[in-house]
Amino acid sequence: MSTRHPDPARPVRPGTGSGRRILALHLPLLAIDRQVLIAQANGAADAARHWRHSPAACHAPGPRGPMITTPNPAARAAGVRAGMTLAEARARTGGDILLAPADPRGDRRALACLADLADRFSPAVGLDGDQGLLLDITGVAHLFRGEAGLIARAGALIGARGFGLTAAIAPTPLAASALARARADQARTDHRMGTGSVAAVVVADDRAMPDEIHAALARLVGPLPPEMLSQDGERLRRIAEGLARLGIRRIDALDALPRSSVAERFGPGLLDLLDRLYDRAPDPLHPRRPQAPAEVRMSWAEPIGRAEDIAAATAALVGDLVADLGAAGLGARRLALSVHLVDGRLQRVELGLALASREPRHMMRLLAERLDRIDPGLGIEVMVLAAPVVQPLADLDRPLPGLGQTPLSTGTGGAAVAALIDRIDARLGNGRVRAVRIEAGVMPETAIRLIPAAIAPEQAMQIDDGPHRATAPRPARLLTRPEPALVVAALPDDPPARLRWRGRLHRVHLADGPERLTGPWWESPGAPAEARDYYRVETEEGLRLWVFRSRGSAGLALEDGGSADDGAPEHGWFVHGIFA
């Protein structure tokens, strides 16, 4: 990219010398490329060719009616610009323009999928607005035969999916983004925007000295217009218009102004953008996903595909991850293995651990249950093993020196149970093994919830009697919902003497109760809270039931002769549980 050099007499402020290398991938025609892919998927070859080679644009509602949001290169060549009304666009193209509603949500989903693919190039991938990606490639370019090779690989990966892009590498995210967006504008002007090649600009070389990198950065970003400082378009456009009235149309001219005057007229935020652009102030990259506390990766110049090679690579990754966890005093509660294939596909293996662990044999045993589900296709080029969820694991959990490494699966008590849960869960699928967790519910059916056993064993594995009454026994089996029963009682407040449940008549031998449970009054303001009187009863056949009478039921009274009127239904009694 040809640029004019700033005045050499102007003093250059020193940079921070952060040594970072940030790769920006800008997709200016993301919405247009998606329309081409949609037309191809629907078998509309003529529409796909029109979107690619003839005037076409996406539109969205605006203050004056539908407005153009993204014109394709042919439409831009005909004079169509973003912000035009559809009538203006049709007038510019003689009515020969293909239009479609913009789909920002679909564009964001597509960008997120591309960000997942870009994980193979960097451990930190962030979104650059709605049309780009930012990758921290500090120290990783040599894995891809240098920065030029990395750009080519990224361009081929994204281009194979039908998206055109421009790229830039700079010491700061803001500078890389600005250069990539400016390169896209130049490519559109030259009518060379497509998916076949990547238009790129690189600030110096990653082996250059800090002063050389800073001088190259100033030389490349200086001629850019001030609106390239940010993608926050409206506010920055107003600032750019104010600067243009002062004759300031380049970033280097803006940077040469007295800082106090710039801050007084345009606010300190503009100076902050300048300092971030020139690497004079920290410019953080925000990954789209929080970086895992522990993560290791392995890549190969020649892809691997044999089952034994995949298993060996996984074992090596587990060893490296365990070392990192041990150095930090942590144990993994969740493992995530990402496998990046040569053809651009991404496969993930995720599993949870019932207890925090950094025992390599146990981790490898769990991952081995899932490795046969990985289809290597044409080969695997990158594997990443991460522990996205960790917990502190004391040094006391480590084996003593000289006593060997005892695998977790041979332990006793909670550790052995946790290992068993992990193995079953790994074989059957995440969340298939369930445990009971006590909730702060008032009624029994809301006080117990089934959850995946690997989520919170410290809560799930302790089963007590709930918040109502710690000493009151609870049935081993609680019915999904209380089942109605017909009950005979001597007096309204007496326990059942006989009950008919599920079509059978049971005579009560022993009974204990009542235990009054009252529902949450705040759930039905202005109405009396539900109240239940629970009884534990044992029938003559030895069946032990947990039954209750809801508020307002009067029971069934015995007649003078001692016989009961079983024909009189009593809907206030229910069976709620069965004791072991």
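Residues numbered from 1 in each chain as written. Predicted model: local features only at pLDDT ≥ 70, side-chain atom pairs only at ≥ 80, totals over all residues. Heavy atoms only, no water.

To continue, consider the pairing of strand E17 (residues 504–518). Pairing between strand E16 (residues 498–501) and E17: four bridges, direction antiparallel. Bridge assignment links Arg 500 to a residue of E17, and that residue is Leu 505. The hairpin turn running from E16 into E17, its antiparallel successor, is two residues long, and Arg 502 in that turn takes a positive phi close to 55°. In the sheet, E17 pairs with strand E18 (residues 531–539) via eight bridges, with the strands oriented antiparallel. In the sheet register, Asp 512 faces E18, and the bridge partner there is Arg 536. (Pairing = 2+ DSSP bridges. Helix = DSSP H or I, 4+ residues; strand = E, 2+ residues; numbered from the N terminus.)

The strand order around the closed barrel built from six strands is E15-E16-E17-E18-E19-E20, with neighbouring strands paired in antiparallel fashion. The sheet shows a mean angle of 45° between the axes of neighbouring strands, taken without regard to direction. Bridging between strand E19 (residues 544–550) and strand E20 (residues 573–578) involves five bridges; their strand directions are antiparallel. Across the sheet, residue Val 547 finds its bridge partner in E20, namely Val 575. (Axes fitted to C-alpha atoms, helices over the stretch in contact; angles between N-to-C directions.)

Here we have three strands laid out as an open sheet, ordered E3-E2-E4, and mixed in their pairing. Each end of this open sheet is capped by a strand with a single partner; those strands are strand E3 (65–71) and strand E4 (98–101). Strand-to-strand twist across the sheet, computed as the mean angle between neighbouring axes with direction ignored, equals 40°. Pairing between strand E2 (residues 56–62) and E3: six bridges, direction antiparallel. Within the sheet, the bridge partner assigned to Ala 60 lies in E3 and is Met 67. The strands that helix H2 (residues 45–53) touches are E2 and E4; relative to E4, the one it contacts most, it runs at about 95°. (Contact = heavy atoms within 4.5 Å.)

Before going further, it helps to examine the packing of aromatic side chains. What describes a pair of aromatic rings is the distance from one ring centre to the other and the angle between the planes of the rings. Evaluated as defined, the whole model comprises five aromatic pairs. Between Tyr 534 and Phe 548, the aromatic rings sit 4.9 Å apart at their centres with planes inclined by 40°, giving tilted as the arrangement. In this pair, Tyr 534 sits in strand E18 while Phe 548 sits in strand E19, placing the two residues 14 residues apart along the sequence. Taken individually, Tyr 534 and Phe 548 each receive the classification buried, so the pair is uniform in this respect. When the centroid spacing of 5.7 Å and the interplanar angle of 35° are considered together, the rings of Tyr 535 and Trp 573 count as tilted. On the criterion of sequence distance, the pair formed by Tyr 535 in strand E18 and Trp 573 in strand E20 is long-range, its members being 38 residues apart. The exposure class of Tyr 535 is buried, given its relative accessible area of 1%. An aromatic cluster of at least three residues, connected via ring pairs, comprises Tyr 534, Trp 546, Phe 548 and Phe 574. Its guanidinium or amino end placed over the ring of Phe 548, Arg 532 lies 4.6 Å from that ring's centre, counting from NZ or CZ. (Phe/Tyr/Trp six-rings, centres within 6.5 Å; stacked < 30°, edge-to-face > 60°. Buried < 20%, exposed > 50% of the residue type's maximum accessible area, 1.4 Å probe, protein only. Lys NZ or Arg CZ within 6 Å of the ring centre and 35° of its normal.)

Geometry only, nothing functional implied.
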